[in-house]
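Below are the chains, spelled out letter by letter.
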Amino acid sequence: VKGADSITAGSGALGGAVVLVTKDPSDYLKASGNDTHVGLKTGYSGANDETMGTVSFANRTGIVESMLVYTRREGHEGASWYDTTHDRAGVGRRTPDPVDSTRDNLLGKVDVVLSEAQRIGVVYERGRATSEVDNLSRVYSPGYLSRRGHDTNDRDRVGLRYQWTAPTALFDTLEAQYDHQETESRGITTIIAGSGCPGGAVPCLRSENRSTEQSMDRIAADFSKAIETGGARHALAYGLAWQQRDVDFTAVDTRWNAAGQVASVEVDPKQVPKTDVRGWNLYLRDSVRLFDERLTLSAGARYDRYDYSPQVDALFQDRSGTVRDVRFASPSWQAGAEWRFVDSQSLWLQVGRGFRAPTVSDMYSPTSTTSVTDAQTGQTLQLNSSVSNIDLEAEKSLNVELGWRWSSDRLLLGASIFRDRYSNFIEYTNQIQEVPGGFRTCATCAIQYQSTYQMPTNSGTVTVKGAELEGRWLIDDQWSTRLAASYSEGEKANGDPLESIVPATAVLGVRYAPSRRWNLNASVTHGWGKSASDAYTTSSTGVVATPAFVDKADGFTTVDLYGTWHITDSLRLSAGVYNLTNQEYYLWQRVRMINRGSNTLYGYVNDEGIGRYSEPGRNVRATLAYSF
C-alpha cells in the first residue's frame, strides 16, 4: 500500500504498508465440487546456502474445505562478495559470521461452507526459528576468546473467522475475525573471556540471556456496501477492531570465575517494563464513480486509541519516577481522485495523513538516575540520567502524490511525483536539570548547578520528495519488456539531508515466452551512488559528521537471468543466476550505520572488515514444484 493509508494499516503506516494475506483452501481447489490437491516443492538459494521443502494438502468434501501447508528451511549466513576460505577473525573479517539456521512453519485452515452466503473457519499457525551464530568478527585476544549466540523465535496463532454475504440495508458483506497470538523471542550469548574475569584468573565464562514475550488478542469486523444513486456508484467500506497486547522483557547476565563457579547473577533492571497495551479503532471509506466512471473520488477517515499500562516492580526500577500510564488517540484520513480524460489516459491525486503511536520502547526504555552529593547539606541526591516522557505525541505524516497513467492493450506507462512531510519525529535529546544550591560528583570536585539527561522528545520535521516511473510493453506475443525507476531526496528542519534516503534505482527487464511451457527473463538493475554531500549531520555545536563508509555505496549495475519450465502439467522448474557478472557492490541501507575503528566495540569495522557487508557475488536459485 503506497502512501499514508493508515485507514487500512493503522499506526505505523506513515508512508505505506505491506499487508500479507495467507492462502485459503479454495486457492488450491477447483471452483466447485469435491476436490483434492497435493503439492510438493523443494528449492535452493545460493545467496545463503539455504535448502527448503514444502508440502501442501487441500481438500473439499461436501461443505468442508481444509488445507495444511508445512515448510522447512535450513540455511546459513547471507554471503558477501568475498570468498570464505581462510578468512580471519576480528574486525577485519571480510565475510559474515557463520550462522546455522532452521525455520519451520505450519499453516492449517478448516472452512465450513454453511451456505452460498455464509462460511465459518478456523486457522492455526505455528512457527519455529533457531539460529546458531559464531561471532568471529568480535573475537580478539585477550578480550573475547569466543562469542556464540543461540537465538530462537516461537510464534503460535489461532483464529476464528466468519463471512456473510447478504444484501442488507447496512452491508453487502460482513467479515468478523478473532485472533490470539503468542510470540517468544530468546537470545542466549555465551562468551569465553580472556580478561576482566571475577577473581582475576583467566579464562572465564559469561552468558547473557534475553527474552521478550508478547501475547495479543484481536477482534475485528469489516463491512462493505455498494450503493447506486442516480449516476453515482458508491463503494462503502467500514469497520472496527479491538486488541490487547501484553509485552514482557527480561535480561539476565551470569558470570563464572576461572574455576567454573558462578560469581554473579544480575537481572538487568533498566529494560522495558512489562506493559499492557490496549487499542481500538473505527474507520469509514467511500469510493464514488461519476460521469460514466470517468471520475472516481475516494475519501476515508479513521480514529485510533491506545492505552499503555506499564508495571513497575523489582525487574523494572524507575528511580526517575517518570514511568506511568499514557494514552494516545489520533485521527487519520485519506482522499483521492482519478480522472480518465481519454479512454487510455488518466490523472490521479492522493493526499493522506498518517501517524505512528510511540512504541513501548519509545516510552519506557530505559530510565535511570545518577547519585551525587548536595553541595550545601552533604546529602545524596538522585539526578536524572534517562527518563520517560509522558507527553510524547504520535509521529505524523502528510503525503501528497500526483500521477499520470497511460494504458492500452499492449502498453502501460505511469509517472508520479510525491512530497511527504513528517512531523513530531521521536528521538532522544539532551535536557537540562537545574539544581539550586549546586552539587558535587566527588568530594573534591567543583560545584555544578546544571546536569544533563536524555529524554525521548518530539523534535524536528522531515520532508521527502521524489518521482517514480513504471512501464510495461508487450512487443508481440513472445517478447515483452518492463521498466521501473525511482528517485527521492529528503531534508531535515535544519537543512541537513536525510541520510536514510536510498539512492535512485532503475530496473529494465526483458521477457521471452515462445510458449506456455517455458519463458526466459533478463533484468538489469542500476543503483546510483550516495555522495558525502547528501549524507551528513550537523550537531548543535556546528560539527559536521559524515558516515564512515559512504564511499563504498558508489553505485552498481547487476544482471539477473531467470526462467521457468513447465516440464509437464504437474511439474514446474524455476531457476536463475543472479549478479551474473559477479560485481562487488554495497547497498547504502546496509553500510550507512557502520562505524570505522580498530577496536572491538560492537559494530566497528576496519577498511577490510567492511567487506562482510558487501552483497553476494554470482549466485543461483532454483525451485522444483510438483502438484496433483
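Here, the structure is the one placed above.
Note that residues are indexed from 1 along each chain, following the sequence as it is written. Given that this is a predicted model, residues contribute local features only at a pLDDT of at least 70 and side-chain atom pairs are listed and counted only at 80 or more, while totals for whole chains, interfaces and linings are drawn from all residues. Each side-chain value is derived from all of the structure's non-hydrogen atoms; neither hydrogens nor water enter the calculation.

Visitor: What is the right way to read the overall build of the chain from this model?
Guide: The number of helices and strands found in the chain is 3 helices and 31 strands. On the principal axes, the C-alpha backbone points of the chain span a range of 85 × 60 × 55 Å. Within the span of the chain, comprising 628 residues, buried residues form 37% of the whole. We call two residues in contact when some of their heavy atoms are within 4.5 Å. Counting contacts in the chain only where the partners sit at least 6 residues apart, residues at least 24 apart contribute 65% of the total. Each accessible area is a Shrake-Rupley estimate made with a 1.4 Å probe; only the visible protein chains count as cover when residues are assessed. Carbon and sulfur atoms make up 55% of the accessible area of the chain, which totals about 33500 Å². Here a helix means four or more residues in a row that DSSP labels H or I, a strand means two or more in a row labelled E, and each is numbered from the N terminus. Summary of the burial criterion: residues with accessible area below 20% of their type's maximum are buried, those above 50% are exposed, and those between are partly exposed, where the area comes from a 1.4 Å probe applied to protein chains only.

Visitor: Just to check I follow, could you spell out the state of the cysteines for this structure?
Guide: Chemically, a disulfide is nothing more than a covalent bond linking the sulfur atoms of two cysteines. When the sulfur atoms of two cysteines come within 2.5 Å, that pair is taken as a disulfide. Scanning the entire structure with this criterion turns up 2 disulfides. Across a sulfur-sulfur distance of 2.1 Å, Cys197 and Cys204 are joined as a disulfide pair. Residues Cys197 and Cys204 are joined by a disulfide whose S-S torsion is about -85 degrees; by sign, that bridge is left-handed. Taken as a pair, Cys197 and Cys204 share a single burial class, namely buried. Note on cysteine connectivity: Cys442 is disulfide-linked to Cys445, with sulfurs 1.7 Å apart. Disulfide Cys442-Cys445: torsion about the S-S bond near 100 degrees, hence right-handed. Judged by its relative accessible area of 31%, Cys442 is partly exposed. Sequence-ordered numbering of the bonded cysteines in the chain gives a disulfide pattern of 1-2, 3-4.

Visitor: Which parts of the structure should I look at to understand unusual backbone geometry?
Guide: A negative phi holds for most residues other than glycine; trans holds for most peptide bonds. The omega angle of the peptide bond from Ser141 to Pro142 is 10 degrees, so this bond is cis rather than trans. Cis rather than trans, the peptide bond between Val202 and Pro203 has omega equal to -5 degrees. Tracing the backbone through its elements, the reader meets Pro203 in the loop between β7 (173-193) and β8 (204-229). Positive phi values are uncommon outside glycine, yet Asn582 reaches one of about 60 degrees. As for its placement among the helices and strands, Asn582 is situated in the loop between β28 (571-578) and α3 (588-591).

Visitor: Is there a simple way to explain the environment of Thr457 in this structure?
Guide: Tracing the chain through its elements places Thr457 in strand β20 (residues 448-458). When the C-alpha positions of Thr457 and Glu74 are compared, they lie 43 Å apart, and in sequence the two are 383 residues distant.

Visitor: Explanation requested: the environment of Ser459 in the structure shown.
Guide: Tracing the backbone shows Ser459 in the loop between β20 and β21 (461-474). Spatially, the C-alpha atom of Ser459 lies 37 Å from that of Gly92, the residues being 367 residues apart in sequence. Dropping the residues within four chain positions of it, Ser459 is found in contact with Asn424, Phe425, Glu427 and Thr429.

Visitor: Explanation requested: the pairing of β7 in the structure shown.
Guide: A regular strand places its side chains on the two faces of the sheet in alternate fashion. As judged from the 21 bridges shared by strand β6 (residues 144-165) and β7, these two strands associate in the antiparallel manner. Opposite Ser146, over in β7, you have Ile192 as the bridge partner. Only strands joined by at least two bridges in the DSSP assignment are considered to pair. Pairing of β7 with β8 involves 21 bridges; the strand directions are antiparallel. Bridging across to β8, Gln181 finds its partner in Met216.

Visitor: Sorry, what's going on with the packing of aromatic side chains here?
Guide: Each aromatic ring pair is described using two quantities: the centre-to-centre distance and the angle formed by the ring planes. Stacked, edge-to-face and tilted labels apply to pairs of Phe, Tyr and Trp rings (six-membered ring for Trp) whose centres lie within 6.5 Å, assigned for plane angles under 30 degrees, over 60, and everything in between, in that order. Tallying each qualifying case throughout the model produces 15 aromatic pairs. Relative to Phe341, the ring of Trp339 has its centre 5.6 Å away and its plane inclined at 55 degrees; by these criteria the two rings are tilted. Judged by its relative accessible area of 48%, Trp339 is partly exposed. Among the residues examined, Phe341 registers a relative accessible area of 32% and is labelled partly exposed. Ring geometry for Trp479 against Tyr512: centres 4.6 Å apart, planes inclined by 35 degrees, an arrangement best described as tilted. Residue Trp479 is located in strand β22 (residues 479-492), and its partner Tyr512 is located in strand β23 (residues 505-512); the two are separated by 33 residues in the primary sequence. Here a set of aromatic residues connected by ring pairs shows up, and it is made of Trp164, Phe171, Phe223 and Tyr238. Sitting over the ring of Phe549, Arg596 keeps its end group 4.4 Å from the ring centre. A ring is considered to have a charge above it if a Lys NZ or an Arg CZ atom is located within 6 Å of its centre and within 35 degrees of its normal.

Visitor: I keep staring at the pattern of salt bridges and nothing clicks. Help me out?
Guide: If charged atoms from side chains of opposite charge come close, those side chains can pair. By convention in these notes, a salt bridge is any Lys or Arg side-chain nitrogen within 4 Å of a carboxyl oxygen on Asp or Glu. Counting across every chain of the model gives 41 salt bridges. As a salt-bridge pair, Arg72 and Asp104 come within 2.8 Å of each other at their nearest N and O atoms. Note that Arg72 is positioned in strand β3 (residues 64-76) and Asp104 in strand β4 (residues 99-113), a separation of 32 residues in sequence. Here Asp104 falls in the buried class, since its relative accessible area comes to 18%. A salt bridge links Glu608 to Arg88; the nearest nitrogen and oxygen atoms lie 2.6 Å apart.

Visitor: Just to check I follow, could you spell out the nonpolar core for this structure?
Guide: In summary, soluble globular proteins display a tendency toward joint burial of nonpolar side chains. Think of a nonpolar core as a cluster: buried Ala, Val, Leu, Ile, Met, Phe, Trp, Tyr and Cys residues, connected wherever their side-chain atoms sit within 4.5 Å. Within the largest apolar cluster, 16 residues are counted, with the highest numbers of intra-cluster contacts made by Tyr308 and Tyr364. Contributions of two or more residues to this core are made by β12 (295-311), β13 (326-342) and α2 (360-364). Among the elements that line this core, the one with the most residues is α2, at 3 residues. Setting aside anything within four residues of it in sequence, one finds Tyr308 in contact with Thr275, Asp276, Val277, Asp325, Val326, Phe328, Ala357, Pro358, Thr359, Val360 and Tyr364.

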